[in-house]
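One-letter residues, chain by chain:
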Number of protein chains: 2
Amino acid sequence: MTEYNALFSRLTTTLAEASRTPLYKRFASAIKDAVRDGTLVHEEILPGEREFSQSLSISRITVRKAMDELEREGVVFRSRGYGTQICSQFEYSLKEPKGLSQQAVLRGKKPDTVWINKSKIHCNAEIGEKLGLSTGSDVWLLKRIRYVDQQAVSVEESWVPARYIADADEIGISLYDYFRQRQIMPVTSQSRVSARMPDEALQQQIALPATVPVLVIKQLALDAQGNPLEYSISYCRSDMYVFIAE
Amino acid sequence: MTEYNALFSRLTTTLAEASRTPLYKRFASAIKDAVRDGTLVHEEILPGEREFSQSLSISRITVRKAMDELEREGVVFRSRGYGTQICSQFEYSLKEPKGLSQQAVLRGKKPDTVWINKSKIHCNAEIGEKLGLSTGSDVWLLKRIRYVDQQAVSVEESWVPARYIADADEIGISLYDYFRQRQIMPVTSQSRVSARMPDEALQQQIALPATVPVLVIKQLALDAQGNPLEYSISYCRSDMYVFIAE
């Protein structure tokens, strides 16, 4: 089938390279690369086992082992009637303010965070209004790049009232873990979801092609008493994320 | 300020045209055109009254009357400290399955619908699964272009189990009005929000520039007993919509 020609030609090249890694692992890894750079997109249906085997001159067992690994890692899912589909998007619930890290872990993915900025600033009128503070109040500005399974997926800026963070250096991968350890419990959230094209800074920060839109999530997290704990603006790769609201 | 040069030059041209419409109305209308074609974007801050007046050689009273009208129409909002900002996005709550039409009316906007397709079909496996029906069951496929204040904002495809619609010709602007008149009450919904670039068909259907991403909302609406009433996929201009989840 001509629609897969680009994929087959690419896989053929990759598999022809000399390597001591088992063939099925290199095959699986090449599929993941194709997902990462957008050659294969979310919900795309992959060729069948026989077609892969014939086009790439590899055994059907190799194809099956690769697909098994990709399924375990959540890169593909198999369904009756649809065959094997790419699953490149990370589902994030807007309902529970669990934080991305915990949601990633719950889904068997490995979250990571690189902090770009942790600094105490005086908030402007807009942030003050969101957090129920007067303009100029002390807040922590936290800015980070988030990773899921080693891939940069979003840039997030948060503002937290100063009284909730004694020492920002103690915040590790997850701000919400820091909160929970101190019995600060985000229980509800309000989110605004929009989309736009990434600006140049964002393209560079998360190695995002200029053609991939970003989902912009503005979220306010509150505790059980309705106190605002965190206001955040996240810029998320639209090819990696889907947001769930119930 | 140089940043407004393109806007001023455009407004100057428009206002110089001969017309019997009052100047302030033509000024307001030119601002709306600039929002519609993306020259002015959501949350952009407009020049001040004095700057408009000097650059366009019109009176400050004319500027003020135009801004008053734009504020009444929800095209701009004024805030202390920020000045006058463009408000081009339509807020849509994911929480209550009220339907776009009712939400638009509640916000003082005028909704409209152009039906592209109303036909009874046999559902495929995916739609059947969403609606709790077996593959091949009768469902109504409803496809429409939605307008808010005469501007095309989204394309929506819905699938409704055949038993909920006796005569699809009786559905007017709002499917949810049709439901309510028959005591069919959508009370909860599950939504998946993602974003992507518009394909050519979509660009043509709603006159959308190829550079504006679309928000893709997949929503299942259920009644109080948890019966699926409607599964829909909406493709919404990202420069016109923001989705709210609480």
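What you see is a predicted model; the values in this text were computed from it and never measured. (Residues numbered from 1 in each chain as written. Chains lettered and ligands numbered in written order. Predicted model: local features only at pLDDT ≥ 70, side-chain atom pairs only at ≥ 80, totals over all residues. Heavy atoms only, no water.)

Any chance you could break down the sheet that holds strand β7 (residues 188–196) of chain A for me, citing the residues and the numbers?
With mixed pairing, 8 strands are arranged side by side in an open sheet as β4(A)-β5(A)-β6(A)-β9(A)-β8(A)-β7(A)-β10(B)-β3(B). Each having just a single partner strand, β4 (111–122) of chain A together with β3 (90–93) of chain B make up the two edges of the open sheet. Ignoring strand direction, the axes of neighbouring strands in this sheet form an average angle of 20°. Two strands pair when backbone bridges link them, and strand β5 (residues 138–148) of chain A and strand β6 (residues 151–161) of chain A are joined in this way by 10 bridges, in the antiparallel orientation. (Pairing = 2+ DSSP bridges. Helix = DSSP H or I, 4+ residues; strand = E, 2+ residues; numbered from the N terminus. Axes fitted to C-alpha atoms, helices over the stretch in contact; angles between N-to-C directions.)

Tell me about the nonpolar core, and please be specific about residues and values.
In terms of nonpolar packing, the biggest core is built from 28 residues, with L215, Y241 and F243 of chain A together with L215, Y241 and F243 of chain B touching the most fellow members. At the level of elements, β3 (90–93), β7, β8 (214–222) and β10 (241–245) of chain A together with β3, β7 (188–196), β8 (214–222) and β10 (241–245) of chain B are the ones that each hand at least two residues to this core. (Core = buried A, V, L, I, M, F, W, Y, C linked by side-chain atoms within 4.5 Å. Buried < 20%, exposed > 50% of the residue type's maximum accessible area, 1.4 Å probe, protein only.)

I'd like a rundown of the side chain of S238 of chain A, residues and numbers included.
Here S238 of chain A shows up in the loop between β9 (228–237) and β10. For S238 of chain A, a relative accessible area of 2% translates into the label buried. Looking at S238 of chain A, its side chain comes within polar contact range of the main-chain oxygen of P213 of chain A, at 2.7 Å. Every residue in contact with S238 of chain A, bar those within four places of it in the chain, is listed here: Q89, V212, P213, V214 and L215 of chain A together with A195 of chain B. (Polar contact = N/O pair within 3.5 Å; in protein donor to acceptor, adjacent residues only side chain to side chain. Contact = heavy atoms within 4.5 Å.)

If you had to explain the relation of the copies chain A and chain B to someone new, which residues and values would you point to?
Aligned on chain B, chain A shows an RMSD of 0.1 Å; the corresponding rotation is 180° and the shift along the axis is 0.1 Å. The superposition operator between the copies reduces to a two-fold rotation axis. Taken as a fraction of all interface residues of chain A, those also at the interface in chain B reach 100%, which identifies the copy contact as same-surface. (Least-squares fit on C-alpha atoms with pLDDT ≥ 70 in both.)

Residues and numbers for the sheet that holds β3 of chain A, please.
Taken together, 8 strands build an open sheet; the order of strands is β3(A)-β10(A)-β7(B)-β8(B)-β9(B)-β6(B)-β5(B)-β4(B) and the sheet is mixed. The open sheet has two edge strands with one neighbour each: β3 of chain A together with β4 (111–122) of chain B. Mean inter-strand twist for the sheet, computed between neighbouring axes without regard to direction, equals 20°. Sheet analysis places strand β6 (residues 151–161) of chain B next to strand β9 (residues 228–237) of chain B, joined by 6 bridges and oriented antiparallel. Each residue of the ladder has a partner; that of E156 of chain B, found in β9 of chain B, is S234 of chain B.

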